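The primary structure of each chain is shown beneath.
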Amino acid sequence: MSDTVNEKSGEEISKKAAKKAQKAAEKAAKKAQHKAAELVTDGAAPVDQTSGPTEDVSEGKYGVCEMICSRDIKRVDHAFLSQLNSSMIGQTATVRARFHTVRATGKQCFFTLRSRAASIQCVLAVGPTVSKQMLKFVAGINKESIVDVTGVVVQAAQAVSSCTIQDVELQPSSVMVVSLSEPRLPLQIDDAMRPEHDSDDVARVLQDTRLDNRVLDLRTATSQAIYRLESSVCWHFRDYLGGRGFTEIMCPKLISAASEGGANVFSLNYFERKAFLAQSPQLYKQMAIAGDFEKVFTVGPVFRAENSNTHRHLTEFVGLDLEMAFIHHYHEVMMLIGDMFVKMFRGIAKECQREIEIVNKQFPSQPFKFLDPPLVLQFREGVALLREAGIQMEEDEDLSTPNEKLLGQLVRAKYNTDFFILDKFPLAVRPFYTMPDPRDNKWSNSYDMFMRGEEILSGAQRIHDPKLLTERAKHHGIALDTIQSYIDSFRYGCPPHAGGGIGLERVTMLYLGLDNIRKTSMFPRDPKRLTP
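In this text the structure is predicted, and so the values were computed from the model without any measurement. (Residues numbered from 1 in each chain as written. Predicted model: local features only at pLDDT ≥ 70, side-chain atom pairs only at ≥ 80, totals over all residues. Heavy atoms only, no water.)

### Remarks on the side chain of Arg312
The cut-off we apply is this: Put simply, DSSP marks the helices as runs of H or I at least four residues long and the strands as runs of E at least two long, and each gets a number from the N terminus on. The rule is simple: take the accessible area with a 1.4 Å probe, protein chains only, and divide by the maximum for that residue type; under 20% is buried, over 50% is exposed, in between is partly exposed. Here a polar contact is taken to be a pair of N or O atoms separated by no more than 3.5 Å, where protein atoms must pair a possible hydrogen donor with a possible acceptor and residues adjacent in sequence count only if both atoms sit in side chains. Two residues qualify as a contact provided that any one of their heavy atoms is within 4.5 Å of a heavy atom in the partner residue.
Note that Arg312 resides in the loop between β11 (295–303) and β12 (316–325). Judged by its relative accessible area of 7%, Arg312 is buried. At a separation of 2.8 Å, a polar atom in the side chain of Arg312 contacts the side chain of Thr401. A distance of 3.0 Å separates a polar atom in the side chain of Arg312 from a polar atom in the side chain of Glu404. In this structure Arg312 touches Thr401, Glu404, Glu454, Glu455, Arg506, Met509 and Ile517, once residues within four positions along its chain are discounted.

Okay, here's the thing in structure tokens:
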């Protein structure tokens, strides 16, 4: 009897335990399902986010792609986002772009795709081919993720003012995440693109925050426009000189002595002796001229160990340098450089109109003005203009930064140009290899070129006589043994020559009227910044 009771009691306990275990399993399964759905924003594969057995009509058309590891070679069917336009209405297109913004309302989801400077609105609505699960998944994609979207190009009901492509939209049939961004961004792209003249109560991104998170800051339309224009500056420099018989050369950056004869040079240990980072490719350009190349140019990094934390100074910048042999007068070279800038400015204005508009929208400035041929003033004429404006300075005194800016304003007001050449600088303020003026050695055969009142090129006729070069080096206190190979380059005959060095980032900054060179240096180096 007791055994029977015990058996029945045991069976009841087993049934209760089984029911309890089943409930626990169902609870755990639901918990796991919710957890998997949340992991979509953390990089995990998506799961069915419905709580019921409703059929997912969009299954396989949304989710997180398998990591692309270049396993298979496939035909590329993707279109560039910027190519989408009204001529494609009714066509199906696939694009890869950034997931910029998203807004879900009921059974609709509006999201914006961005690729470089282009953007388009996508409209996803629950229907026969779009499930609630797909809508919920898309609404939960993290901003800045990279997605592949396939959809039909349709006419926008009204102009989409928030996008660059305003007359058409994309109606997606497939949204696949290629690379998932983390949910928390150190800066918002929209904040980083906010115009300077917006009201003060809106969020702004400070310069250090931009530079600390440069990868994100570079994604803004403004940054994209700046560096496309900067690329155009470099292209026009090469194109103009290459079309006039110049040869591009590469110059060493590790040198045995300070190339400018000053103390603003980075030194480093070079095995068992000291070496320096080149302040300029100057000596090597001249040696190439002595080697009968006649016309040369080079593009590369230049290093200046100046503890200058200003809006226009960097410790490393890109130098656009050129050197050219001439027949009678160094003005043959000076005017060629001036003409190069005029052609460059004209080309940029024509080819980069859209980029200029994008930058001006965030950082407004006056249009850049120039004359053809360019304005040339004697140094003494520049000093006279400053004196007329009330500046007290000696005739042979070098220009200070404030006086340079004021001179730029005076020249614009009087001659209606932002670009001009200042010729015949005082010899005392120029490097040791500068040729003195044959009529008065108080002056020199040297010139600077200015944009908006700031120097963008320094140039001169170089001394090509070894005896005079030695005298000038001694005068500047340079140890002759450190530049002996340079002096020896001119012992076997060298044509008269001149040239100049240009700062790429400074040209871009001043053409666009920007207030800081760090906006035009992709990864700037200054006394306080060595990363990223």
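After that view of the structure, there is still more to cover.
### A look at the packing of helix α6 (residues 221–242) against helix α9 (residues 353–362)
The line we're drawing: Note on definitions: angles span 0 to 180 degrees between N-to-C directions of axes, and those axes are lines fitted to C-alpha atoms, for helices only across the stretch in contact. Roughly parallel refers to an angle under 35 degrees, roughly antiparallel to one over 145, roughly perpendicular to one between 65 and 115, and oblique to any angle outside these ranges. Should the near helix be turned anticlockwise from the far one by less than a right angle, the crossing is termed left-handed; should it be turned clockwise, right-handed.
Running from amino to carboxyl end, α6 crosses α9 at an angle of 135°, the nearest separation of the two axes being 8 Å. Compared by their axis directions, α6 and α9 come out oblique. Regarding α6 and α9, the two cross each other, and that crossing is left-handed. Side by side, α6 and α9 meet where Ala221, Thr222, Ala225, Ile226, Arg228 and Leu229 of the first sit next to Glu355, Ile356, Ile358, Val359 and Gln362 of the second.

### Considering the pattern of salt bridges
The criterion, for reference: Just to be clear on terms, a salt bridge is a Lys or Arg side-chain nitrogen sitting within 4 Å of an Asp or Glu carboxyl oxygen.
If you walk through the whole model with that rule in mind, you get 28 salt bridges. One salt bridge connects Glu357 with Arg354, and the closest N-O pair in it is separated by 3.8 Å. One end of the pair is Glu357 and the other is Arg354, both in helix α9 and three residues apart, which spans about a single turn. For Arg354, a relative accessible area of 45% corresponds to the partly exposed category. The salt bridge involving Asp488 is made with Arg491; its shortest N-O contact spans 2.6 Å. Its relative accessible area of 25% is what places Asp488 among the partly exposed residues. The network of salt bridges with shared partners includes Lys285, Asp321, Glu323 and Arg462.

### A few points about the nonpolar core
Rules: To form a nonpolar core, buried Ala, Val, Leu, Ile, Met, Phe, Trp, Tyr and Cys residues must be joined to one another through side-chain atoms within 4.5 Å.
In this structure, Phe237, Phe341, Tyr447 and Met449 are the most contacted members of the largest nonpolar core, which totals 54 residues. When residues in this core are grouped by element, the largest group, 10 residues, is from α6. Sequence-distant contacts of Met449, that is, excluding residues within four places in its chain, are made with Met334, Ile337, Gly338, Phe341, Phe419, Phe420, Ile421, Glu454, Glu455, Ile456 and Leu457.

### Remarks on the pairing of strand β13 (residues 375–378)
The criterion, for reference: Pairing between strands is defined by DSSP: at least two bridges between the two strands are required.
Of the two faces of β13, only one is covered, namely that formed by Leu375 and Leu377; the face formed by Val376 and Gln378 stays uncovered. Here four bridges tie β13 to strand β14 (residues 419–423), and the two strands are oriented parallel to one another. Residue pairing for β14: Leu377 is matched across the bridge by Leu422.

By themselves, these are just geometric observations and shouldn't be taken as functional.
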